[in-house]
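A structural walkthrough
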Amino acid sequence: MKKPEVVLNVFSSIDGKITTTPKRDVAEWTAAGIDGEAHEVTHQLYDELDCDGLVSGSESLIVWGANGVELEKPIYEPKKSKAYIVFDGRGRIDWYQTEGLLVVTREDVSEKYIQQLEEKGITYISAGTGAHINLPLALHKLYELGYKKLGLSGGGVINGAFLRQGLIDEISLVIAPLAIGGTTTPSIFDSENLKELNDVTRIELKNMKTVGNGSIWLHYKVMK
């Protein structure tokens with residue numbers, strides 16, 4: 001099945017943490033002025049990388065909704081993206097902000113959730129049944145809708161699912177000048193443990209440079 005290119009585009013601490021501790025909005029780094037402008041630079045990179053859609057998981061939105069951090073200055077809004085694409089397989093979100101939204105869910109999600117999407121005029125696609133969305137099928141359907149390159153922005157669980165299924169083509173990582181630590185703190189990739197060395201995802205460095213205020217951008221190609 002054909003699919004869009006997928007570029008993971010995220011920022012993290014030097015040890016790969018994407019928030020301070022579980023259930024916290026990473027925007028607090030930005031609000032405190034300690035993220036080395038990594039947040040802003042990452043959003044600018046969506047355009048530089050020609051992403052025509054931005055992908056996130058529902059867990060990130062739930063965390064931001066419950067623990068959102070307001071910023072004095074808004075973060076750069078990508079111009080080339082046609083939609084904010086949220087993977088909500090369990091149908092957990094009661095949507096109130098619907099402009100530019102595209103929802104990906106399961107074929108057997110509750111009828112009540114589908115009714116909500118239709119009543120609010122939210123564009124959606126369904127892919128797979130059971131515990132999880134069928135990611136390859138979802139990407140194929142997005143390709144058929146005209147999406148050619150998607151910017152995946154996490155959280156760690158959806159990033160890990162894409163990684164384990166070999167669906168990531170590039171990794172764009174901005175490392176903020178921070179060290180976080182923690183044994184349960186969300187990381188770039190949160191997934192099941194590997195069983196074999198041969199299952200490691202190998203990557204090739206395409207570009208690297210200093211950005212923002214003490215941050216570093218690393219751009220990799222995933223070797224297939």
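The structure under discussion appears in the preceding block.
Residues numbered from 1 in each chain as written. Predicted model: local features only at pLDDT ≥ 70, side-chain atom pairs only at ≥ 80, totals over all residues. Heavy atoms only, no water.

**So, the nonpolar core**
Within the largest apolar cluster, 32 residues are counted, with the highest numbers of intra-cluster contacts made by I85, F87, L142, F162 and I168. Contributions of two or more residues to this core are made by β1 (5-12), β3 (84-87), β4 (101-105), α5 (135-144), β6 (149-152), α6 (156-164), β7 (170-175) and β9 (215-222). Take this core: its biggest share by element is four residues, from α5. Contact partners of F87, with chain neighbours within four places excluded, come to V55, S56, G57, S58, V104, I133, L135, A138, L142, I158 and F162. Counting residues in hydrophobic clusters, the runner-up holds 16 residues, among them V7, F11, V26 and L49. (Core = buried A, V, L, I, M, F, W, Y, C linked by side-chain atoms within 4.5 Å. Buried < 20%, exposed > 50% of the residue type's maximum accessible area, 1.4 Å probe, protein only. Helix = DSSP H or I, 4+ residues; strand = E, 2+ residues; numbered from the N terminus. Contact = heavy atoms within 4.5 Å.)

**So, the pattern of salt bridges**
Charged atoms that come close allow side chains of opposite charge to pair. Counted by the stated rule, this structure contains 10 salt bridges. Across the salt bridge formed by E59 and R92, the nearest N and O atoms sit 3.1 Å from each other. Of the two residues, E59 sits in helix α3 (residues 58-67) while R92 sits in the loop between β3 and β4, which places them 33 residues apart along the sequence. Look at R92 and you get partly exposed, because its relative accessible area is 34%. In this structure, the salt-bridge partner of D169 is K224, at a minimum N-O distance of 3.7 Å. Of this pair, D169 sits in the loop between α6 and β7 while K224 sits in the segment after β9, placing them 55 residues apart in sequence. (Salt bridge = Lys/Arg side-chain N within 4 Å of Asp/Glu carboxyl O.)

**Here's the deal with the sheet that holds β9**
Strand order in the open sheet formed by nine strands is β5-β4-β3-β2-β6-β1-β7-β9-β8, and the pairing between neighbours is mixed. Taken across any chain shown, the strands that pair with only one partner, and hence form the sheet edges, are β5 (123-126) and β8 (203-211). Each neighbouring strand pair of the sheet contributes to a mean axis angle of 20°, computed without reference to strand direction. Where strand β2 (residues 53-57) lies against β3, four bridges are found, and the strand directions are parallel. (Pairing = 2+ DSSP bridges. Axes fitted to C-alpha atoms, helices over the stretch in contact; angles between N-to-C directions.)

**Some remarks on the pairing of β6**
Every other side chain in a regular strand lies on the same face of the sheet, so the side chains alternate between the two faces. Burial along β6 is two-sided: K149 and G151 and L150 and L152, pointing in opposite directions, are all buried. Note that β1 and β6 share four bridges and pair parallel. Residue pairing for β6: V6 is matched across the bridge by L150.

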